[in-house]
Amino acid sequence: MKGVLLVNLGSPDTPEPKDVKRYLGEFLMDERVIDVPLWARTLLVKGIILNTRPKASAKAYKKIWWDEGSPLIVLSERLQHKIQEQTDIPVALAMRYGSMTIKKGLQELVDKGVDEVFLMPLYPQYAMATTETILVLAEEIRMEYFPHVKIQDLKPFYNDSKYIEVLSNSIAKHLEGKSYEHLLFSYHGVPERHIRKSDVTKSHCKIDGSCCATASKAHEYCYRHQCKEVTRLVGEKLNLKEGTFSTSFQSRLGFDPWLRPYTDRTIERLGKEGVKNMAIVTPAFVSDCLETLEEIAMEGEEIFHEMGGNEFTTIPCLNDDQEFVDLLSQWINEWALAETVTA
């Protein structure tokens, strides 16, 4: 029997410091998130970050927390329920971090008789700290607890024409009637070394002005290329004029070089250059979360106003947009009708 496991990032159980600390500890101790030796990661995370950051992060979570719970969890559950209405096979939901574990999600499917799983990381682009860590952990759990289960994963869909159409339609819908001079595509940032580590050619990714635009098999795992490609494809789909849209990266941590340009500084620059009305979209996420609702919609807007800007339009993630639901359901049903997969 076939089944589906949707996997998103995760969230603390509550916005209280103790739960935020527990969540951050699991997240930041992931070797694919902070990819330094264990001793250094332990010193940084447990010795410094978890003694300073949970209270501030909890304060931020409280700003965006809904009555129903964490926005990311609530929105992911809405997506799951809508997809379940459009397919006959079981659809479960799990998170990479937090209490809604991948093991629990797989167990839920196995309890229903599932022995073939379509694993769907809810990230359009591939990255060590998102797709890769989900796939690696899911395989470890499968081998240890569910060796009879076969898993096939959804490949990154950043350049899928139907996905680009869905994303473009969503952007156009939320910009209807809005006056804006610049549309900023802001993606979650990663350290530059992640890009080089993911380079299967070991030589292509220079993180310069040309490597992302030069054809290479490295692009299959290059987060930077895939982000830039989403921006380019949506720009073409919406007939955006050159100079009226751009790409940036948010949420840097520490002092190592991260992907540039940085979102906060880009917003600041646009304001200083006289842009009065701007819009921003966050296509690295499919569900709104702390980084979109607080870092972008609140902090980003504050920066823009401080620089003299007027209207700051935040475009929601796809969330449970019906076109997105239809697309994921289509992929699921196509997989369900396909021949039995191999482990």
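Below, the structure is looked at part by part. All residue numbers refer to position in the chain's written sequence, counted from 1. Whole-chain, interface and lining totals are the exception, using all residues; otherwise, since this is a predicted model, local features are given only for residues with pLDDT of at least 70 and side-chain atom pairs are given and counted only at 80 or more. Side-chain metrics rest on all non-hydrogen atoms present in the structure, leaving aside hydrogens and water.

## Some words on the overall build of the protein chain
Right, so step 1: Of regular secondary structure, the protein chain possesses 11 helices and 8 strands.
Right, so step 2: Here the globule rule reads 2.2 Å times residues to the power 0.38, and the radius of gyration is calculated from C-alpha atoms. Relative to its length of 343 residues, the protein chain is compact, with a C-alpha radius of gyration of 20 Å against a globular reference of 20 Å.
Right, so step 3: Taking the principal axes of the C-alpha coordinates as reference, the protein chain spans close to 60 × 50 × 45 Å.
Right, so step 4: In what follows, a contact means two residues having at least one pair of non-hydrogen atoms within 4.5 Å. Counted over contacts in the protein chain with a minimum sequence separation of 6, partners at least 24 positions apart contribute 75%.
Right, so step 5: When the accessible surface of the protein chain is summed, it comes to about 15700 Å², and 52% of that surface belongs to carbon and sulfur atoms. Runs of H or I in DSSP of at least four residues are treated as helices and runs of E of at least two as strands, each being numbered from the N terminus. What sets the accessible areas is the Shrake-Rupley method with a 1.4 Å probe; for residues, cover comes only from the shown protein chains.

## Here's the deal with the layout of surface pockets
Gaps between atoms show up when a probe of the same size as a water molecule is rolled over them.
Right, so step 1: By volume, the second largest pocket amounts to about 300 Å³.
Right, so step 2: Contributing to the lining of the second largest pocket are 17 residues, with Cys 212, Ala 213, Lys 228, Glu 229 and Arg 232 lying nearest its centre.
Right, so step 3: Per element, the largest residue contribution to the lining of the second largest pocket is 6 residues, and it comes from helix α8 (residues 223-237).
Right, so step 4: We call Asp, Glu, Lys and Arg charged. Ala, Val, Leu, Ile, Met, Phe, Trp, Tyr, Cys and Pro are nonpolar, and the rest, Gly among them, are polar. Looking at the lining of the second largest pocket residue by residue, the classes come out as 4 nonpolar, 7 polar and 6 charged. For cavity detection a 1 Å grid was placed over the protein atoms alone, and a set of points counts as a cavity when a 1.4 Å probe fits there but cannot get out; an open set counts as a pocket when protein lies on both sides within 12 Å along at least five of seven lines, with lining residues being those that have an atom within 4 Å of a point. Grid points are joined across faces, edges and corners, and a volume is the space filled by probe spheres set on the points.

## Some points on the packing of helix α3 (residues 71-84) against helix α11 (residues 322-337)
Right, so step 1: Lines fitted to C-alpha atoms define the axes, with helix axes restricted to the stretch in contact, and inter-axis angles between N-to-C directions lie between 0 and 180 degrees. Contact pair α3 / α11: the axes reach a minimum separation of 9 Å and the direction vectors enclose 55°. In terms of their interaxial angle, α3 and α11 are classed as oblique. Crossing hand, α3 versus α11: right-handed. On α11, the residues touching Leu 79, Lys 82 and Ile 83 of α3 are Gln 322, Phe 324, Val 325, Leu 328, Ser 329 and Ile 332.
Right, so step 2: Grouping the constituent residues of the contact of α3 with α11 by class yields 6 nonpolar, 2 polar and 1 charged. The scheme is simple: roughly parallel for angles under 35 degrees, roughly antiparallel for over 145, roughly perpendicular for 65 to 115, oblique for anything else. Crossings are assigned a handedness: left-handed for a near helix turned anticlockwise from the far helix by less than a right angle, right-handed for a clockwise turn.

## A few points about the state of the cysteines
Right, so step 1: In plain terms, two cysteine sulfur atoms within 2.5 Å form what is called a disulfide here. In this structure the tally under the stated criterion is 0 disulfides.
Right, so step 2: Just so you know, Cys 227 is unpaired, no disulfide at all, and the nearest cysteine sulfur is the one on Cys 222, 8.6 Å from it.

## What to know about the sheet that holds strand β3 (residues 116-121)
Right, so step 1: With parallel pairing, 4 strands are arranged side by side in an open sheet as β2-β1-β3-β4. Across the chains shown, the open sheet's two edge strands, defined by having one partner strand only, are β2 (91-97) and β4 (150-153). Here the average twist between neighbouring strands, direction ignored, is 30°.
Right, so step 2: Paired strands, in this sense, are two strands between which DSSP finds at least two bridges. Across 6 bridges, strand β1 (residues 2-10) lies against β2 in parallel orientation.

## Some details on the pattern of salt bridges
Between side chains of opposite charge, pairing is possible as soon as their charged atoms come close.
Right, so step 1: By definition here, a salt bridge exists when the distance from a side-chain nitrogen of Lys or Arg to a carboxyl oxygen of Asp or Glu is within 4 Å. Considering all chains together, one arrives at 24 salt bridges under this definition.
Right, so step 2: Notably, a salt bridge pairs Asp 264 with Arg 252, separated by 3.1 Å at the nearest N-O pair. In this pair, Asp 264 is assigned in helix α9 (residues 263-272) and Arg 252 in the loop between β6 (245-250) and α9, connecting sequence segments 12 residues apart.
Right, so step 3: Throughout, exposure labels follow a simple rule: accessible area from a 1.4 Å probe, protein chains only, divided by the maximum for the residue type, with under 20% read as buried, over 50% as exposed, and the rest as partly exposed. Residue class for Asp 264 comes out partly exposed when judged on its relative accessible area of 30%.
Right, so step 4: Using a relative accessible area of 32% as the deciding quantity, one classes Arg 252 as partly exposed.
Right, so step 5: A salt bridge links Lys 272 to Glu 268; the nearest nitrogen and oxygen atoms lie 3.2 Å apart. Of this pair, Lys 272 and Glu 268 both sit in helix α9, 4 residues apart, roughly one helical turn.
Right, so step 6: The class for Glu 268 is partly exposed, based on a relative accessible area of 30%.
Right, so step 7: Through salt bridges with shared partners, a single network forms among Asp 35, Arg 193, Lys 197 and Asp 256.

## Brief notes about the environment of Val 20
Right, so step 1: Mapped onto the elements of the fold, Val 20 is located in helix α1 (residues 17-28).
Right, so step 2: Residue Val 20 is classed as buried on the basis of its relative accessible area, which comes to 0%.
Right, so step 3: For the pair Val 20 and Lys 103, spaced 83 residues apart in sequence, the C-alpha separation works out to 21 Å.
Right, so step 4: When residues no more than four places from it in sequence are discounted, the contact partners of Val 20 are Pro 12, Thr 14, Pro 15, Pro 54, Ser 57, Ala 58 and Tyr 61.

In short, shape yes, function no, at least from these values alone.
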